[in-house]
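A look at the structure
Listed below are the residues making up each chain.
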Amino acid sequence: VYVVGKGEKTVNFHDIKKFFKKFNIKVTWKRLEEARKIRNNVEHYCIHSNDLVKKVIWEIFPIIRDFLREYLGYEPIEILGEMTWKTLLEVEEIYNKEKNECINAWDKVDLDDLLKEIFLQELTCPKCFSSLIKPIGQIDDILTASFFCVSCGSQFQINEEDIEEILQNFYSFEIYNSIKDGCVPHLRICSECGRNAVLLIDKEYWRCIICGQEFNQECSRCGSLFYSEEWIPECSDCMNYFLEKD
């Protein structure tokens, strides 16, 4: 089977997803989405940083390696050359070591697992844009917590706008799909503080990461928890069930 180009337009990220799905090519889309986001920052916002380049390599190196071996039947060194292959291996090894130190630091913090994952992936240094960030001490409140950048040694804090941006970046891929496919996103707007910062924590309750307001609504039909700014007896799935039944 051959894919033949048509017209002058280049294939974009979502076209690649469509083609990969058609040819049953499996990749970690979350990693590719992160690499794409960094590339956009470099290209459109002129954010140049060696650490950003290292992170892109760290994100996509396993995908390139597995793609060449599994789907094209080549050893990566055959396609990339010895010098490039060794450089990629060195960057991945160094970045992995630094990243694991950051992961261990976040593991020691008494914070919800979801929030650890979000900040570990999306929190970047305002000075050098590195994502190799460690929390300083315990975190009682994200807005008063301090963070340390492994790359440049800076210490910094974040504000409400930063938290909103971090959450939107983490859920950007999901937000796009929710608009396109009508799915229900995991990030909601808080009716108390007005910030786009309400998350489903540990699949147990909805909470605003900024003001701490909780939104716990149990469906009267199926018993599942769902987000509701106003009291509604049933979740959206059950509401749709009743509407379709009628």
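Owing to the predicted nature of the structure, the values given are computational and were not obtained by experimental measurement. (Residues numbered from 1 in each chain as written. Predicted model: local features only at pLDDT ≥ 70, side-chain atom pairs only at ≥ 80, totals over all residues. Heavy atoms only, no water.)

1. Thoughts on the confidence of the model for the protein
Confidence along the protein averages 80 in pLDDT terms, with 81% of residues attaining 70 or more. Mean pLDDT across the elements of the protein ranges from a minimum in helix α8 (residues 172-181), with 52, to a maximum in strand β3 (residues 155-156), with 95. Low pLDDT (under 50) marks residues 176-184, which in the prediction has six contacts with non-local residues, meaning those over four places away or in another chain. (pLDDT = per-residue confidence, 0-100. Helix = DSSP H or I, 4+ residues; strand = E, 2+ residues; numbered from the N terminus. Contact = heavy atoms within 4.5 Å.)

2. Notes on the nonpolar core
Core analysis: the largest hydrophobic core is formed by 40 residues, its most contacted members being Ile118, Leu123, Phe147, Ile158 and Leu199. Per-element tally for this core: the top contributor is helix α6 (residues 113-122), with five residues. Residue contacts for Ile158: discarding those within four places in its chain leaves Phe119, Leu123, Ile142, Leu143, Phe147, Ile163 and Ile166. With seven residues, the next largest nonpolar core counts Phe13, Val27, Trp29 and Leu32 among its residues. (Core = buried A, V, L, I, M, F, W, Y, C linked by side-chain atoms within 4.5 Å. Buried < 20%, exposed > 50% of the residue type's maximum accessible area, 1.4 Å probe, protein only.)

3. Observations concerning the side chain of Asn196
Topologically, Asn196 is positioned in the loop between β4 (187-188) and β5 (198-201). The residues contacting Asn196, other than those within four sequence positions of it, are Glu164, Leu167, Gln168, Leu187, Arg188 and Ile189.

4. Looking at a negative patch on the surface
Taken together, the side chains of Asp107, Asp113, Glu117 and Asp202 make up a negatively charged region of the molecular surface. Accessibility expressed as a relative area gives 44% for Glu117, which makes it partly exposed. (Patch = residues over 30% accessible without salt bridge, like charges linked within 9 Å, V, L, I, M, F, W, Y side chains within 5 Å. Areas by Shrake-Rupley, 256 points an atom, 1.4 Å probe, with all protein chains shown as cover. Salt bridge = Lys/Arg side-chain N within 4 Å of Asp/Glu carboxyl O. Lys, Arg positive; Asp, Glu negative; His and termini not counted. Charge placed at Lys NZ, Arg CZ, Asp CG, Glu CD.)

5. Some words on the sheet that holds strand β7 (residues 214-215)
In spatial order, the strands read β4-β5-β6-β7; together these four strands make up an open sheet with antiparallel pairing. Each edge of the open sheet is held by one strand with a lone partner, namely β4 and β7. Pairing of strand β6 (residues 205-208) with β7 involves two bridges; the strand directions are antiparallel. For Trp206, the partnering residue across the bridge sits in β7 and is Phe215. (Pairing = 2+ DSSP bridges.)

6. Considering the pattern of salt bridges
In this structure the tally under the stated criterion is eleven salt bridges. As a salt-bridge pair, Glu33 and Arg36 come within 3.3 Å of each other at their nearest N and O atoms. Placement of the pair is Glu33 and Arg36 together in helix α2 (residues 29-45), with a separation of three residues, close to one helical turn. According to the relative accessible area criterion, Arg36 is partly exposed, its value standing at 26%. A salt bridge links Glu161 to Arg195; its shortest N-O distance comes to 3.0 Å. Of the two residues, Glu161 sits in helix α7 (residues 160-170) while Arg195 sits in the loop between β4 and β5, which places them 34 residues apart along the sequence. Taking relative accessible area as the criterion, Arg195 reaches 19% and is therefore assigned buried. Through salt bridges with shared partners, one network takes in Glu160, Glu161, Glu164 and Arg195.

7. Some thoughts on the packing of aromatic side chains
Going through the model one piece at a time under the given rule, you end up with ten aromatic pairs. With a centroid separation of 5.8 Å and 35 degrees between ring planes, the pair formed by Phe147 and Phe156 is classed as tilted. Overall, the relative accessible area of 0% leaves Phe147 in the buried class. Grouped by ring-pair contacts, the aromatic residues Phe13, Phe20, Trp29, Phe67 and Tyr71 constitute a single cluster. In this arrangement the basic side chain of Arg31 is found over the ring face of Trp58, its NZ or CZ atom lying 4.8 Å from the centre. (Phe/Tyr/Trp six-rings, centres within 6.5 Å; stacked < 30°, edge-to-face > 60°. Lys NZ or Arg CZ within 6 Å of the ring centre and 35° of its normal.)

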